[in-house]
Each structure stands twice: as C-alpha cells, then as structure tokens.
Amino acid sequence: MNAISGPNRARRVGAVLAASTCALVGCSSPPEPAPSVTPAETTTAPAPQYDFTGVPGTVLDSEDFGDRSTELSATGATLYRFVYESTSGVDNSPTAVSGVAAVPAGTPPAGGWPTVVYGHGTTGIQADCGPTLYPDLLGYQFAVQDFTELGYVTVLPDYQGLGTGGGTHPYLEPRTSGHNMIDAARAAQSALPDMSTRWAAVGLSQGGQAAWAANELAATYGQGLDLVGSVSLSPPTDLTPLVQAATDGNLTRPQKELLPYLLYGAQQVDPTIDPMDYSGSVAEANNELLLTCSGGDTDGKERAVEAMAPDEFAADSAQSEQQLLDVIGRYTLPQVRTEVPMFVAYGAKDDIVLPQWTADGVEKACALGDPIVAQEQPEQGHDVSDEAAMQFLAAVFAGQSVPSTC
C-alpha cells in the first residue's frame, strides 16, 4: 500500500494514519521501510533524569528536530523534539514524555495557531519504540507533514515509557495516553509562540483510544485548554473480549502479534501479573523477538505467529484469567460522559479491533449522552477512510454544530 498516494490532502492524512497503523499491528505489508537509524542510546544508556515541577505540560527539555528530518524541514515547518511533564494514569505520579512538534510556515491565523495532537498507533512497549527517536518518526512523518500543511501546529507524543527511556510503556492503559495527549497540547501552547488554546485530539487504533480518553479526561484534567473535538479511527474500546478470545483459541493472526504487548503493558498496571502465565511454548521461546519494535524482524515475527497454537495465549488458570480481565476491564471506554464532540469510525471487516467491540462502545457512549458522530464503514478493515473525519475536524475548529448520530 502506498501511504502517500492520492491528490486529496485530507485523504492523504487518513491514508497515512491507517496505513502506518496497519504496518504496526501486523497487516500484510508495511507502507514504510524499517527505520534506517536505530537509537542505540536508549538501550545502552540510563534513562534521563528530570526535575519535575508538579505542573503537567511543563517542557523539561527541547532540541531542534529540523536537521534530523529533511522531508519535514522541506515543508518550511519549524520542528522541535521536546520532553514534557505528564501524569501516569496508573498511580498519578509525574512522568516525562517525549514528543515532536511541527509549527507551520507562514503567519499564524487570528487568535494563534490551532493544535492537532496526533496519537500514533502501536509501535511497541520498549523505550526505543518511540517514533520521535527516528528521523522518519517510524513512518509518521507524513501524518505530521500533512496536518501541518493544513495549518495546524502538529504534536506527536511518544506516550509514557516510549522515547525517553523511562521504563516499559503501559500499553493501552487509556488514562495514561489521555494525559499524555492533553499535556502534549498544553506543552505546545505554553512553550511555542503565537499559539491558540484550541486543539483537537486525533488518532487511529491505539491513538484512537488515546484521543477518546483525552476527550473524556479534558473536563477534569485539561484545564486551560479548549478541546474542540476528537477523532478516533478504529479505537479499541473494550479489550476483555480479546482476553476471552485468547482463552477460547479464537485470536486472529494480528491479534496474536499484539498479545505480548498487552500482557507486558498490563504488568505495568498490576506488577503481580506474570506474562508467562499467559504464554505458550512458542510465545515464551520467542518472547524477545515478539517484543521488538515495529520495523524490526517482521519475517521472524510472522514465522513465530504462524507456529503458535490456537490457544497460545490462554491463561494457565481461571485465577490468572480473572486477574487479567480485572486489569484490562479498567481500560474499557467510555468511562464518563463527554461534553466535546467526538467522531468515531470503524470498519465492518476489521480483524484486529472487531467491529462489534467498537459498536458496543459507541452504544454505551450514546447512552451516556455523548455528542458522538459514529460511522461504520462496511467494506473497510482496520484501515478506514478518514474523509468524513476530516470534514468533522474542519467543522469543529470552525465552531460549527455537528449533529450526533446517536
């Protein structure tokens, strides 16, 4: 799949979002080659230490990113890689999260630059899996480029545990990623010139969950910012059926590739969880390989997944299964009513985040009274069209009313 083809700029943004995530969660062929630079320092050097201020969104460190990405620099955008203070969704402790910000060329609009915080898809759970450590942002440079060319300051956060060397990423724990999205907007607004407080959270797959969580948390955690809307494409809203599918031996091939990330991420939420209690012989023997970042040994991963038994990730006891269900159940969205419009799209042929899971999440959000615009795309899988999403995004930034589909 060519992620950057097509004449329509907005559609190109969505193609990049979807295709990049497709590569990261195990679709048939990645749109971008493996990164040419491996940030070895993140695996050989100790994690940087930062003096926290107690103020989420505070920029703790920054550097020029323009000389690392010639393609992004060619757009005329001003580029920064920065580390900012955020809050763990697990224990509410202060954390350091890295990100890249791109400021459009030209004169800001009246009121200052609006911001899009883009939540990336699955890249892994280890420190060196942060997209901002790589010149091509692990393929996400095109999404950053296109949103910037549309006139948004575009911020790509790595998420807690990725990029800064600060431990293992609590994969798919939504409060953490939601905080990281909000604080990325807060950091950009406070540190960059000519900024508006108006922003939107956008993402696909893991990033779609992060954008949804950011919307839910905005009322209590996003003070000082004006969230105009969120866009969640193929978001995982309830992962307990994934645990059940593992027990029943019904996981799809790409779901099997995600399970090690989910297990080790859950261990960050509950340290008593032992991923080996849910790993068969093939998964255990290939543990290190399965936990490598996207763009690694994809052929090796493919062979390992193909060799797995149907019940490769079944819990070794009913107690272990319930323990995992209890942790993963805390991830389920929605959790609270939102006040800000939300766009959700999902594919009827998705074999990673099954469509019924998302439909159930949308139904629950409607019951809460969320202002939600939902779209099931009958012919799409995990790679969904973003055309309606981009229209939604333009409308909410323009202050237009967006009728709910509930």
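Rules used in this analysis
- Residues numbered from 1 in each chain as written.
- Predicted model: local features only at pLDDT ≥ 70, side-chain atom pairs only at ≥ 80, totals over all residues.
- Heavy atoms only, no water.
- Helix = DSSP H or I, 4+ residues; strand = E, 2+ residues; numbered from the N terminus.
- Buried < 20%, exposed > 50% of the residue type's maximum accessible area, 1.4 Å probe, protein only.
- Contact = heavy atoms within 4.5 Å.
- Areas by Shrake-Rupley, 256 points an atom, 1.4 Å probe, with all protein chains shown as cover.
- pLDDT = per-residue confidence, 0-100.
- Phe/Tyr/Trp six-rings, centres within 6.5 Å; stacked < 30°, edge-to-face > 60°.
- Lys NZ or Arg CZ within 6 Å of the ring centre and 35° of its normal.
- 1 Å grid on protein atoms, 1.4 Å probe; cavity = no way out; pocket = protein on both sides within 12 Å on 5 of 7 lines; lining within 4 Å.
- Points joined across faces, edges and corners; volume = space filled by probe spheres on them.
- Nonpolar A, V, L, I, M, F, W, Y, C, P; charged D, E, K, R; others polar.

Colleague: I'd love a proper account of the overall build of the protein, names of residues and values included.
Modeller: Looking only at helices and strands, one finds 14 helices and nine strands in the protein. Split into buried and exposed, the 406 residues of the protein put 58% on the buried side. Of the contacts made within the protein by residues no fewer than 6 positions apart, 78% connect residues no fewer than 24 positions apart. Roughly 15100 Å² of accessible area belongs to the protein as shown, and the carbon and sulfur atoms make up 49% of that amount.

Colleague: Quick rundown of the confidence of the model for the protein? Include the residues and the values.
Modeller: When pLDDT is averaged along the protein, the result is 89; 88% of the residues meet or exceed 70. The low-confidence segment residues 1-45 (pLDDT under 50) makes 91 contacts with residues lying over four places distant or belonging to another chain.

Colleague: I'd love a proper account of the packing of aromatic side chains, names of residues and values included.
Modeller: Throughout the structure, instances matching the rule amount to six aromatic pairs. Aromatic pair Tyr152 and Phe397: ring centres 4.9 Å apart, planes at 35°, arrangement tilted. Taken together, the residues Tyr152 in the loop between helix H4 (141-149) and strand S5 (153-157) and Phe397 in helix H14 (residues 387-397) connect sequence positions 245 residues apart. Of the residues examined, Phe397 reaches a relative accessible area of 10% and is grouped as buried. Where Phe343 meets Phe392, the ring centres are 5.7 Å apart and the plane angle is 40°; that geometry is what we call tilted. Here Phe343, found in strand S8 (residues 342-347), pairs with Phe392, found in helix H14; they are 49 residues apart in sequence, far enough to count as distant. Grouping residues by exposure puts Phe343 and Phe392 together as buried. Following the ring pairs from residue to residue traces out a cluster consisting of Phe147, Tyr152 and Phe397. Between the NZ or CZ atom of Arg186 and the centre of the ring of Tyr221, over which it lies, the distance is 5.5 Å.

Colleague: Could you give an account of empty space enclosed by the protein, with specific residues and numbers?
Modeller: As enumerated under the stated definition, the model contains three cavities of 30 Å³ or more in all. Estimated volume of the largest cavity: approximately 120 Å³. Lining the largest cavity are 14 residues, with Tyr171, Leu172, Leu239, Leu258 and Val353 positioned closest to its centre. Here the lining of the largest cavity takes three residues from helix H8 (residues 253-269), the largest share from any one element. Class assignment of the residues belonging to the lining of the largest cavity gives a composition of ten nonpolar, four polar and no charged.

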